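# Chains, contacts and geometry: an overview
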Protein chains: 2
Amino acid sequence: MKEGPDIALIGSLIGDPARANMLTALMAGRALTATELATHAGITLQTASSHLSKLEAGGLLTQRKQGRHRYFQLAEDEVGLMLENLMGFAASRGMNRHRPGPKDPALRKARVCYNHLAGDYGVRMYDSLIAEKQIEVKGDDLALTPAGQSRIEALGIDYAALKKSRRPICRTCLDWSERRSHLAGSLGEALLTLFIDKGWAKREANSRAIRFTANGDKAFSELFPQ
Amino acid sequence: MKEGPDIALIGSLIGDPARANMLTALMAGRALTATELATHAGITLQTASSHLSKLEAGGLLTQRKQGRHRYFQLAEDEVGLMLENLMGFAASRGMNRHRPGPKDPALRKARVCYNHLAGDYGVRMYDSLIAEKQIEVKGDDLALTPAGQSRIEALGIDYAALKKSRRPICRTCLDWSERRSHLAGSLGEALLTLFIDKGWAKREANSRAIRFTANGDKAFSELFPQ
DNA sequence: GGGATGCTTCGACTACGATCGAAGTATGAA
DNA sequence: TTCATACTTCGATCGTAGTCGAAGCATCCC
């Protein structure tokens, strides 16, 4: 009895609809203010404030003060991974809050998973990187090969900077729409940033969806052939 | 707003301490009766009954009637995997219900994860199988190699029977104590059953811990060298 | 300074869900 | 049949957590 870690604590944190909405909104990767999160959850600012402090106490969120705003975001990569995993499970049980709407296909095609690319595009990129041996599965985690390293540097990603951080560079994340792995970690983040900086892809407002431009689509397909 | 699957539903199911205790108890893999689960959770039978019907409605549990008993167990492999994943997250946040006690080391050494072996032994077995190319990572999932197939048949496992089932034979599961992968799926289950049938290992009562005998220890090390 | 805006804290209300006693159903044993 | 066990359903109670109004800080702008 009473063995192991306390899953009830996290469960209850996620279990409240208002908090779940906030977390889902934060899965889009942007840091959001308390007011924004309140409207996302459909509650008043006071209530949101109380929820946010609980989520922060539980280690799911961190806040940054900037002027008179407080920006909240998911505390670490692990939080995003855990949430995506839960979403996958919920989706597999048919626990959907909405009948699949017009937005759904866009989300399945390409979306933000906290800070990296997910959906069909995310999986395609991952598969391509594996097939071309630029990343490889090493025991339990993912590693960048020398070939992969020079490749991403050619793209303009600062490998040294990635390496300096304590965060893992590569890591897998389970996709709830595709039910397949895609690339997370600081490299996953850097790649998504790159696509956006280059103007290949754009985030849709108030959504996790990512829209690729015609050029971006072409460039992406060339970079990551099927 | 309101995108994606409803994580609040599962969250709230897991979020109640009584239900979390029941689920944790069921992670030991045995099917338990309502009365047993009630004592595990420290509540009366009536309350337990209400919780159990909720968990069943949520698709986390299934029940089997046997005489006047009702045996409850986790609905599918996915449920166990999801719970172990949550435990891993909770453990990483230091959310423990108890100060690490005397039982803790035993659990870390070898324990049941729903229906397969986890802990140090589970990870060792997994690593060994990979190193000897008896299972291999194939894209996103695990596959038994021809060498692995004849190997497990030599051990007395009915490969044809495993293959017939719709369940995946091999699959990875994230270990919350080791933070590494170990082998789940029907093969994982068959192997654990084998160890117990051969008398190499024994389940401890009312615990997820598994105790290997001296002989079992030796046999295990020979079968799965480091 | 004065007046927004953004957010937190306090206090009170409310509703939902966990809880258990009591009664009801089903299975098994004698 | 009768009694015992295993469990469910009903009904009532009770606590707690979510909710918001009002007031209190903090920051920024003019």
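One numbering rule holds for all chains: residues counted from 1, following each sequence as written. For naming, the first written chain is A and the first written ligand is 1, with later ones following in the order written. Local features in a predicted model are, by the rule used here, given only for residues with pLDDT of at least 70; side-chain atom pairs are given and counted only at 80 or more, and totals for whole chains, interfaces and linings are based on all residues. The side-chain figures draw on all heavy atoms in the structure; neither hydrogens nor water molecules are used.

## What about the protein's contact with DNA strand C?
Around DNA strand C lies a shell of 21 residues, among which Thr-35 and Ser-49 of chain A together with Gln-46, His-51 and Lys-54 of chain B are the nearest. A single heavy atom is enough: if one lies within 4 Å of a molecule or strand, its residue is considered near that molecule or strand. A share of 70% is what sugar and phosphate atoms reach among the atoms of DNA strand C within 4 Å of the protein. Contacts to DNA strand C include Ser-49 of chain A, whose side-chain N or O atom sits 2.7 Å from a phosphate oxygen. A 3.5 Å cut-off defines polar contacts: any pair of N or O atoms within that distance qualifies, except that in protein one atom must be a possible hydrogen donor and the other a possible acceptor, and neighbouring residues in sequence count only when both atoms are side-chain atoms. Between DNA strand C and Arg-19 of chain B, the relevant distance is 2.9 Å, taken from a phosphate oxygen to a side-chain nitrogen or oxygen of the residue. Put simply, DSSP marks the helices as runs of H or I at least four residues long and the strands as runs of E at least two long, and each gets a number from the N terminus on. At the level of elements, α3 (34-41), α4 (45-57) and β3 (69-74) of chain A together with α2 (17-26) and α4 (45-57) of chain B are the ones that each hand at least two residues to the surface near DNA strand C. Class assignment for the residues of the surface near DNA strand C results in four nonpolar, ten polar and seven charged. Note on residue classes: Ala, Val, Leu, Ile, Met, Phe, Trp, Tyr, Cys and Pro are nonpolar, Asp, Glu, Lys and Arg are charged, and everything else, Gly too, is polar.

## Examining the pattern of salt bridges
In the sections that follow, a salt bridge refers to a side-chain nitrogen of Lys or Arg positioned within 4 Å of a carboxyl oxygen of Asp or Glu. Under the counting rule described, the total for this entry stands at 21 salt bridges over all chains. The partner of Glu-189 of chain A in a salt bridge is Arg-167 of chain A, with the nearest N and O atoms 2.8 Å apart. Remark: Arg-167 of chain A occurs in the loop between α9 (159-164) and β8 (171-174) and Glu-189 of chain A occurs in helix α10 (residues 185-197); sequence separation between them is 22 residues. On the accessibility criterion, Arg-167 of chain A (30% relative accessible area) is partly exposed. Residue Arg-208 of chain B pairs with Glu-84 of chain B through a salt bridge whose shortest N-O separation is 3.1 Å. A residue pair is termed long-range when its members are at least 10 positions apart, and Arg-208 of chain B in the loop between β10 (201-203) and β11 (210-212) and Glu-84 of chain B in helix α5 (residues 77-92) qualify at 124 residues. A residue is classified by how much of its surface remains accessible, and Glu-84 of chain B, at 0% relative accessible area, is buried. Several salt bridges converge on common partners, so that one network encompasses Glu-84, Arg-111, Asp-175 and Arg-208 of chain A. With a 1.4 Å probe rolled over the protein chains alone, any residue whose accessible area is under 20% of its type maximum counts as buried; one over 50% counts as exposed, and the rest are partly exposed.

## What to know about the relation of the copies chain A and chain B
Copies are brought into register by a least-squares superposition over C-alpha atoms of residues with pLDDT of at least 70 in both. In screw terms, the move from chain A to chain B is a rotation of 180 degrees and a rise of 0.0 Å along the axis, fitting with an RMSD of 0.0 Å. Such a combination of rotation and displacement between the chain copies is what one expects of a two-fold axis. Of every C-alpha in chain A, the one belonging to Gly-11 of chain A sits nearest the axis of rotation, 2.2 Å from it. Most of the interface of chain A is mirrored in chain B, where 100% of its interface residues again form contacts. Residue contacts follow a heavy-atom distance rule, with two residues in contact if any of their heavy atoms lie within 4.5 Å.

## A few points about the sheet that holds strand β2 (residues 61-66) of chain A
Adjacent strands of a sheet form backbone hydrogen bonds with each other and so pair up, either parallel or antiparallel. Residue and element names in this part refer to chain A. Strand pairing is assigned whenever DSSP detects at least two bridges linking the two strands. Strand order in the open sheet formed by three strands is β1-β3-β2, with antiparallel pairing between adjacent strands. Edge positions in the sheet fall to β1 (32-33) and β2, since each has one partner strand and no second. Sheet topology places β1 next to β3; two bridges connect them, and they run antiparallel. Residue Leu-32 lies in a different strand from β3, and its bridge partner there is Phe-72.

## Focus on the interface of chain A and chain B
On the chain B side, the residues contacting the 52 residues of chain A number 52 residues. Note on chain A versus chain B: buried area summed over both sides is about 4,600 Å², and carbon and sulfur give 62% of it. Summed over the shared surface of chain A and chain B, the result is two salt bridges. Ionic pairing is found between Arg-93 of chain A and Glu-76 of chain B, a salt bridge with its closest N-O pair at 3.4 Å. The interface formed by chain A and chain B includes four residue pairs in polar contact (both at pLDDT 80 or more). Every element with two or more residues in the side of chain A that touches chain B is listed here: α1 (7-15), α2 (17-26), α3, α5 (77-92) and α6 (103-109) of chain A. Simply put, the buried area is the total loss of 1.4 Å probe accessible area from both parts when two parts are fitted together.

## Comments concerning the sheet that holds strand β2 (residues 61-66) of chain B
All names here are of chain B. Taken together, three strands build an open sheet; the order of strands is β1-β3-β2 and the sheet is antiparallel. Edge positions in the sheet fall to β1 (32-33) and β2, since each of these pairs with one other strand and no more. Lying on the sheet, α2 is in contact with β1, β2 and β3 (69-74); it crosses β3 at an angle near 85 degrees. What counts as an axis is a line fitted to C-alpha atoms, over the stretch in contact for a helix, and the angles between N-to-C directions run from 0 to 180 degrees.

## Here we look at the domain arrangement of chain A
All names here are of chain A. The assigned domain composition of chain A is domain 1 (7-75) and domain 2 (78-223). What fixes the domain bounds is an automatic or database domain assignment. Spacing between the C-alpha centres of domain 1 and domain 2 amounts to 23 Å. The partner domain 2 presents 16 residues to the 15 residues of domain 1 that form the contact. On the domain 1 side of the contact with domain 2, Met-27, Arg-30 and Leu-74 bury the most area, a combined 45% of that side's loss. In this assembly, domain 1 and domain 2 are joined by zero salt bridges. At the junction of domain 1 with domain 2, the criterion picks out three residue pairs in polar contact (both at pLDDT 80 or more). Those elements that place two or more of their residues in the side of domain 1 that touches domain 2 are α1 and α2. The biggest single contributor to the side of domain 1 that touches domain 2 is α2, with four residues. Considered class by class, the residues forming the side of domain 1 that touches domain 2 number nine nonpolar, five polar and one charged.

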